[in-house]
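Here is how the chains run, residue by residue.
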Amino acid sequence: MTALLYTFCVTYWAELVELYEYKVADAVDGRVPRGGRRSLTELRDALLSAPLEPMLLRRMMECDRQYRNLLKSGSVAPVLSRPASAAVPEWSAPARADSPESQSWEELQRMAWHTRLKASLLELAQLWGREPDRTTLRVLYTVQENAERECRSIGTRLAVPAVGDPLVSLHDPEVVTDITVGFADLLLTEEGRLRVRTALSAAHEEPFARHPDEDVMEARIAAAERERLAPEARASLVAALRAQYPQARDPRERPAIREAARQLQRTLDDLLAAAPSATMAGTPSHSILYAQAPQSALPTPDDGKDQLVIHLNGGQAAQWRGMDLRWQPIGNNWQLQFGPHVALLRTDLPASERSTLIGPARAQIRVFISGAYVLLSVDGRPEEDIGRLASKARAIALLLDDNEHYANLRLARAAAQLMRGGSVDTAALGSSSAEKYASAPSETLVAFARKGVEALMSRIQRSAPSNVATGIRMAAEQLGLTDDRAIGLHQALHIATFTPESLPSPAAMTSVQLPHARQFVSVLLGQDPVTLRSGERALTLRLDYKGELAAVLPGHPAATLHDLLVVRVPGLSLLLVRQGTWLAAAALHDAPPPSDPNEHTLPGTLENKSPGYNLSHTMHAPFDTKN
């Protein structure tokens, strides 16, 4: 963000002063300001030369005093608002496949796939443990043990154990977990996969050794069954022959074991089909934050993706999906900080052990390390994550409703002022303040609304619902708004905080007709563009030259879809949320069609309110949020 952005056609200095206070508070608390430290410096330069009112100027100078004291303390290095321009080549070759960066990229992808593989095998092992004879688990144990014996150059091959073998203990969940994890670890390398396939073929060929006199016994039994004897006498003769040649194992087990081995082979083929393979192309374009190769460098983290690769030597901090990340070298290892959580990433461990979970229970990420590169992967349930985004988007939509001079947005700002211990500035939040909202760029207004929703959600998490409801109702009274509007806003914020929206499973589609009933439709994104239609409107999602997902609507500038985007057009709001390749979209019309009054609707959402609770988009802007 440049100084021009703050000074060109911007008339709402109060919001920019709030944004400056928010960014300075982040810097004082030791966090990286949203947008980076350079954006903080550029905003400061713009405000220092702005024609501020006396009250705003006092707030600005008081906040600026804190920032200057912070710079004097040496905790934050000053950043030039206009760095010296450097010559940038028009084209740079991508990283070669044999470069350290490409090798680390491939290893990180293998490690991430290995974690998913392990989770899938553990789920299958639970199903196999419910089989009457646990035949598949016995085959799995045999394959894993023989493959490891081959790795240690032990020539003796293990036979498939008998049913209920006490030395194997396949009834113990911990033993099954250890066997499954060991089996998955073998599949991490090509050499291990070859050993597994060899051991599996041997188990299918000969599940257990044959008795040395088994052929003689079968011939004598066949002859005895051809004798012209009474059935009782023939059965006694066969029993006597079997007693003469005792069997260690029942030969009738072999067909069941071979079928289990074939089923395990098919399962293994399906799992290995998703394994990443080495390529000659090197790292993909725009795939690594702070990458060494310019062609591979990712400009900014994409909040809509569930993975992020970082070159640790190229920076010290990043913000991704609302998470503040910092790192520093500790000898040959790295220390990663995620909020108050800290993890030591050891680079000297085997590949199967170079991953760890970090973060609170509801927002954990799994970290993989390969040299000076890390891969961050969201470790959670995608349906819950995207459902929370959808609920948050509906709350943002309420704030962007222009009904009654943006009453919801003004009410949210007033409630935020009241909850942080201040008083409501009724003059600044009166109906006349809606003019600046109506003339503001769409991105700025939506970012402002999103920051407000997130700030109020943070307050709701730390407060009793009754206290929050009381605060919003008091703010509504001071602004002359109705209790119904206050109740609707509180309900929508409460749902956005605690209740993920239930979304349908995604399906691969390239053209989608959005329903008129304001329901979400789920789409599985691929490489092909996706067109979303609502009435005569058609919005197209496609990858741009930077690999980012662009939303293109005729007559409107293209917008980038990271994790949440709302496109507002006359009479219609298009709501888009994204989690990785999962896209959910809904259309909200200003004049909804008649519906059954007894139909159940989500409290606090558009269905229960007066016309105009529409939807919008995402960025960062000032609201409340000094915790």
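Look a little higher up for the structure.
Keep in mind that what you see is a predicted model, and the values were worked out from it rather than measured.

Colleague: Hey, could you run me through the overall build of the protein chain in this one?
Modeller: Counting its regular elements, the protein chain contains 17 helices and 19 strands. For the protein chain, with 627 residues in total, the buried portion stands at 47%. Long-range pairs, those at least 24 residues apart, make up 61% of the contacts in the protein chain with a sequence separation of at least 6. Entry remark: accessible area of the protein chain is about 31,100 Å², with carbon and sulfur atoms responsible for 53%.

Colleague: How should I be thinking about the nonpolar core in this particular structure?
Modeller: A general tendency of soluble globular proteins is for nonpolar side chains to be buried together. Leu409, Leu411, Ile472, Leu493, Phe520 and Val577 are the most contacted members of the largest nonpolar core, which has 49 residues in total. One finds Leu170, Phe183, Ala199 and Ala275 within the second-largest nonpolar core, a separate group that totals 33 residues.

Colleague: I tried to follow the sheet that holds strand β16 (residues 559-560) on my own but got confused; where do I start?
Modeller: Either a parallel or an antiparallel arrangement is found when strands of a sheet pair, and the pairing is made through backbone hydrogen bonds. A sheet is described by the order of its strands in space; here five strands give the open sequence β11-β13-β14-β15-β16, paired in mixed fashion. The open sheet has two edge strands with one neighbour each: β11 (511-513) and β16. As defined by bridge partners, strand β15 (residues 549-552) adjoins β16 across two bridges and the pair is classed as antiparallel. For Ala551, the partnering residue across the bridge sits in β16 and is Ala559.

Colleague: Explanation requested: the pattern of salt bridges in the structure shown.
Modeller: Where charged atoms from two side chains of opposite charge come close, those side chains can pair. Inspection of every chain in the model, using the stated rule, returns 24 salt bridges. Glu190 serves as the salt-bridge partner of Arg193, at 3.0 Å between the closest nitrogen and oxygen. Taken as a pair, Arg193 and Glu190 lie in helix α8 (residues 190-205) at a separation of three residues, close to a single helical turn. Exposure remark for Arg193: the relative accessible area of 10% places this residue in the buried category. Note on Glu190: relative accessible area 58%, which makes it exposed. For Arg388, the salt bridge identified is with Glu384, shortest N-O distance 3.0 Å. With a gap of four residues between them, Arg388 and Glu384 both fall in helix α12 (residues 382-399), about one helical turn apart. By relative accessible area, which is 24% here, Glu384 ends up partly exposed.

Colleague: Even after reading the chapter, I still don't get the packing of helix α13 (residues 407-419) against helix α17 (residues 483-498), so can you show me in this structure?
Modeller: When two helices pack together, their arrangement is given by the angle between the helix axes and by the axis-to-axis distance. In the contact formed by α13 and α17, the axes pass within 11 Å of each other and the chain directions differ by 75°. Accordingly, the angle class assigned to the pair α13 and α17 is roughly perpendicular. Listed contacts from α17 to Ala407, Asn408, Leu411 and Ala412 of α13 are Arg485, Ala486 and Leu489. Counted by class, the contact of α13 with α17 contains five nonpolar, one polar and one charged residues.

Colleague: I tried to follow α12 on my own but got confused; where do I start?
Modeller: Every α-helix winds through 3.6 residues per turn, so residues three or four apart in the chain are directed the same way. Helix length check: α12, at 18 residues, gives a terminal C-alpha distance of 26 Å against a target of 26 Å (1.5 Å per residue), a fit within 8%. Of all 18 residues in α12, 15 are buried; the element is thus mostly enclosed.

Colleague: When you look at the sheet that holds strand β3 (residues 307-311) in this model, what are you seeing that I'm missing?
Modeller: Within the open sheet, the six strands sit side by side as β2-β1-β3-β10-β9-β8. Their pairing is mixed. The sheet is open, and its two borders are formed by β2 (297-298) and β8 (355-358), each paired with just one other strand. Pairing of strand β1 (residues 288-289) with β3, which is carried by two bridges, proceeds in the parallel orientation. Counted as the bridge partner of Ile288 is Val309 from β3. Lying on the sheet, helix α5 (residues 100-128) is in contact with β1, β3, β9 (365-370) and β10 (373-378); it crosses β9 at an angle near 140°.

Colleague: Quick question: what am I supposed to make of the pairing of strand β6 (residues 333-338) here?
Modeller: Each regular strand shows side chains that alternate between the opposite faces of the sheet. Where strand β5 (residues 323-330) and β6 come together, six bridges link them in antiparallel fashion. The residue of β6 that forms the bridge with Pro329 is Trp334. Two successive antiparallel strands, β5 and β6, enclose a turn made up of two residues, where Gly331 displays a positive phi of approximately 65°. Where β6 lies against strand β7 (residues 341-345), five bridges are found, and the strand directions are antiparallel. Each residue of the ladder has a partner; that of Leu336, found in β7, is Ala343. Between β6 and β7, which pair antiparallel one after the other, the connecting turn spans two residues, and Gly339 there sits at a positive phi close to 60°.

Colleague: Before we go on, may I ask you to explain the side chain of Ser433 in this structure?
Modeller: Here Ser433 is to be found in the loop between α13 and α14 (434-439). A polar side-chain atom of Ser433 sits 2.5 Å from the main-chain carbonyl oxygen of Gly430. Contacts of Ser433, omitting those with residues within four sequence positions, involve Arg410 and Ala428.

Colleague: When you look at the packing of aromatic side chains in this model, what are you seeing that I'm missing?
Modeller: One pair of aromatic rings is described through two measures. These are the centre distance and the angle between the planes. If you walk through the whole model with that rule in mind, you get three aromatic pairs. For the pair Tyr290 and Trp327, a centre-to-centre distance of 6.2 Å together with 55° between the ring planes defines the contact as tilted. Taken as a pair, Tyr290 in the loop between β1 and β2 and Trp327 in strand β5 lie far apart in primary sequence, 37 residues in all. You can call Tyr290 partly exposed: its relative accessible area is 30%. A cation over a ring is seen here: Lys436 above Tyr437, with NZ or CZ 5.7 Å from the ring centre.

What counts as what
- Residues numbered from 1 in each chain as written.
- Predicted model: local features only at pLDDT ≥ 70, side-chain atom pairs only at ≥ 80, totals over all residues.
- Heavy atoms only, no water.
- Helix = DSSP H or I, 4+ residues; strand = E, 2+ residues; numbered from the N terminus.
- Buried < 20%, exposed > 50% of the residue type's maximum accessible area, 1.4 Å probe, protein only.
- Contact = heavy atoms within 4.5 Å.
- Areas by Shrake-Rupley, 256 points an atom, 1.4 Å probe, with all protein chains shown as cover.
- Core = buried A, V, L, I, M, F, W, Y, C linked by side-chain atoms within 4.5 Å.
- Pairing = 2+ DSSP bridges.
- Salt bridge = Lys/Arg side-chain N within 4 Å of Asp/Glu carboxyl O.
- Axes fitted to C-alpha atoms, helices over the stretch in contact; angles between N-to-C directions.
- Parallel < 35°, antiparallel > 145°, perpendicular 65-115°, else oblique.
- Nonpolar A, V, L, I, M, F, W, Y, C, P; charged D, E, K, R; others polar.
- Expected span 1.5 Å × (residues − 1).
- Polar contact = N/O pair within 3.5 Å; in protein donor to acceptor, adjacent residues only side chain to side chain.
- Phe/Tyr/Trp six-rings, centres within 6.5 Å; stacked < 30°, edge-to-face > 60°.
- Lys NZ or Arg CZ within 6 Å of the ring centre and 35° of its normal.

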